[in-house]
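The primary structure of each chain is shown beneath.
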Amino acid sequence: MAQPNHDPLAGDVLGTYLRSQATAFLRALRLHGDGAAGAADTAGGTDAARGLRGAARRISGSLGTFRAVTESAWADSLRTELVWLSSTLADEHAYGVRLSRLMDALHRLSGTPEVPAPRGTAGALTVGSARAGALLERQLTLARTRAHSATLSALGSARFHAVADAVAVLASEVPLDPVAARGRFDDVLVPLAEVAETRLLGAVDALPAPEGGTPYSAHEDGAWHEVRRLLRVHRYARETLGDDVTRLVAAGEALDRHRDASEAAAASATAARTPRIAPATAYALGVLHADQRHAVEAARHTFHTLWHPTPALP
């Protein structure tokens, strides 16, 4: 563990991390406001929104893990508001990523001769992919538009301005518990971080082994999403302690791919249930669903490989 020097106090270490994330939040908020005012490019707006989400998640995650070191009522209130904000900001981005992923997959699949097609339906994927793409684009664009409206409403609300004000105060002053904050780093923060790690390890151990599932085990997705959430909380705790989180970032990226693929598969299945669609369209959506479920399985395997690496041979 990369331990700070001079046997620091728990409140000093936690306060430094929270202030840095509050500053990152305010910087991203300023960039977001500048982009909105100057009609900046989409990439700049996306980066600003990503910065807001990341800082909000880190603050809320740290307040949850190290709640005992803070003024608990304040921490609980701010954490609730930051979870609301990051969730609201994430929706629009998620719909856009999902649509792009599905369009790319349709293009790839329809142009691949190796895609399996039942006898008598040769070319059905190519024929149906255009209509499947149009259907998905219509459904997901509508969802994204609604999410965008919700984001604009949230960012203009009194609730958001109260959150921004609270984070602005946090950038200079962290409300800490006067007793716990004076405890030693090793005695206070490390045990609390280990609680978060224990929760994660228990959730990982409860996952089925790679050979125990199938590409279509969508009923297992919820457990994997929970592992992703707990891994993120664990990573933020280790960031607070100053540890190297390279391995945790890689494992988290695998779980991000799992989430993206599982949600894309669900979107294709939803589109396939649209009444009165043509058989070729339904076929294309079925192939797309299978493709995304196989991507889910690949992400699960990658995570297991990263989390339980095979020992090197002597």
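What counts and what doesn't
- Residues numbered from 1 in each chain as written.
- Predicted model: local features only at pLDDT ≥ 70, side-chain atom pairs only at ≥ 80, totals over all residues.
- Heavy atoms only, no water.
- Helix = DSSP H or I, 4+ residues; strand = E, 2+ residues; numbered from the N terminus.
- Buried < 20%, exposed > 50% of the residue type's maximum accessible area, 1.4 Å probe, protein only.
- Contact = heavy atoms within 4.5 Å.
- Areas by Shrake-Rupley, 256 points an atom, 1.4 Å probe, with all protein chains shown as cover.
- pLDDT = per-residue confidence, 0-100.
- Axes fitted to C-alpha atoms, helices over the stretch in contact; angles between N-to-C directions.
- Parallel < 35°, antiparallel > 145°, perpendicular 65-115°, else oblique.
- Left-handed = near helix turned anticlockwise from the far one by under 90°.
- Nonpolar A, V, L, I, M, F, W, Y, C, P; charged D, E, K, R; others polar.
- Expected span 1.5 Å × (residues − 1).
- Bend = angle between axes of the 7 residues up to and from the residue.
- Salt bridge = Lys/Arg side-chain N within 4 Å of Asp/Glu carboxyl O.
- Phe/Tyr/Trp six-rings, centres within 6.5 Å; stacked < 30°, edge-to-face > 60°.
- Lys NZ or Arg CZ within 6 Å of the ring centre and 35° of its normal.
- Polar contact = N/O pair within 3.5 Å; in protein donor to acceptor, adjacent residues only side chain to side chain.

1. Here we look at the overall build of the protein
Alright, step 1. A count of helical and extended segments in the protein gives nine helices and zero strands.
Alright, step 2. N-terminal to C-terminal, the α/β element order of the protein is α-α-α-α-α-α-α-α-α.
Alright, step 3. The proportion of buried residues among the 314 residues of the protein is 41%.
Alright, step 4. Contacts in the protein between residues at least 24 apart in sequence constitute 85% of all its contacts with a sequence separation of at least 6.
Alright, step 5. Total accessible area on the protein stands at roughly 16000 Å², and carbon and sulfur atoms take up 56% of it.

2. A closer look at the confidence of the model for the protein
Alright, step 1. For the protein, mean pLDDT is 89; residues scoring 70 or higher make up 88% of the total.
Alright, step 2. Note that pLDDT drops below 50 for residues 37-41; the model gives that stretch one contact with residues more than four away or on any other chain.
Alright, step 3. Taken as a whole, residues 112-122 scores under 50 in pLDDT and shows six contacts with residues more than four places along the chain or in a different chain.

3. A short note on the packing of helix 6 (residues 185-205) against helix 7 (residues 221-241)
Alright, step 1. Relative orientation of the contacting elements helix 6 and helix 7 amounts to 160°, with a least axis distance of 9 Å. In this view, helix 6 runs roughly antiparallel relative to helix 7, as classed from their interaxial angle. The way helix 6 lies across helix 7 gives a crossing that is left-handed. Contact residues: Phe185, Leu189, Val190, Ala193, Glu194, Ala196, Glu197, Arg199, Leu200, Ala203 and Val204 in helix 6; Val227, Leu230, Leu231, Val233, His234, Ala237, Arg238 and Leu241 in helix 7.
Alright, step 2. Taken together, the residues that form the contact of helix 6 with helix 7 break down as 14 nonpolar, one polar and four charged.

4. Considering helix 3 (residues 72-110)
Alright, step 1. Taking 1.5 Å as the rise per residue, helix 3 with 39 residues should run 57 Å; its terminal C-alpha atoms sit 55 Å apart, in good agreement.
Alright, step 2. Largest kink in helix 3: about 30°, centred on Asp91.

5. With respect to the side chain of Ser129
Alright, step 1. Within the element layout of this structure, Ser129 appears in helix 4 (residues 124-155).
Alright, step 2. Classification of Ser129 by relative accessible area gives buried; the value is 12%.
Alright, step 3. Once residues within four sequence positions are removed from consideration, Ser129 is found in contact with Leu106, Ser110 and Ala284.

6. Describing the environment of Val13
Alright, step 1. Its place among the elements puts Val13 in helix 1 (residues 10-38).
Alright, step 2. Owing to a relative accessible area of 11%, Val13 belongs among the buried residues under this scheme.

7. Re the pattern of salt bridges
Alright, step 1. Evaluated as defined, the whole model comprises 18 salt bridges.
Alright, step 2. The shortest N-O distance in the salt bridge between Arg184 and Asp187 comes to 2.9 Å.
Alright, step 3. Shared partners join several salt bridges into a network, and the residues in it are Glu220, Asp221, Arg293, Glu297 and Arg300.

8. Here we look at the packing of helix 7 against helix 9 (residues 279-307)
Alright, step 1. It is the contact of helix 7 with helix 9, at a shortest axis distance of 13 Å, that shows an interaxial angle of 45°. The orientation of helix 7 with respect to helix 9, classified from their angle, is oblique. Considering the relative orientation of helix 7 and helix 9, their crossing is left-handed. Contacts from Asp221, Trp224, Val227 and Leu231 of helix 7 reach helix 9 at Arg293, Val296, Arg300, Phe303, His304 and Trp307.

9. Examining the packing of aromatic side chains
Alright, step 1. Scanning all chains against the criterion turns up two aromatic pairs.
Alright, step 2. Arranged with centres 5.6 Å apart and planes meeting at 15°, the rings of Phe303 and Trp307 form a pair that is stacked. Of this pair, Phe303 and Trp307 both sit in helix 9, separated by four residues, roughly a single helical turn.
Alright, step 3. What links up through ring pairs into an aromatic cluster is the set Trp224, Phe303 and Trp307.
Alright, step 4. Between Arg159 and the ring centre of Trp84, over which it is positioned, the NZ or CZ distance is 4.1 Å.
Alright, step 5. Looking at Arg247, its charged tip hangs above the ring of Trp307, at a distance of 4.3 Å from the centre.

10. As for the environment of Leu136
Alright, step 1. Mapped onto the fold, Leu136 is located in helix 4.
Alright, step 2. Taking the C-alpha atoms as reference, Leu136 lies 8.4 Å from Met103; in sequence the two are 33 residues apart.

11. Describing the side chain of Thr151
Alright, step 1. Note that Thr151 resides in helix 4.
Alright, step 2. Overall, Thr151 belongs to the buried group, its relative accessible area being 6%.
Alright, step 3. Side-chain polar atoms of Thr151 contact the backbone oxygen of Thr88, separated by 3.5 Å.
Alright, step 4. Other than its neighbours up to four places away in sequence, Thr151 contacts Thr88, Leu89 and Glu92.

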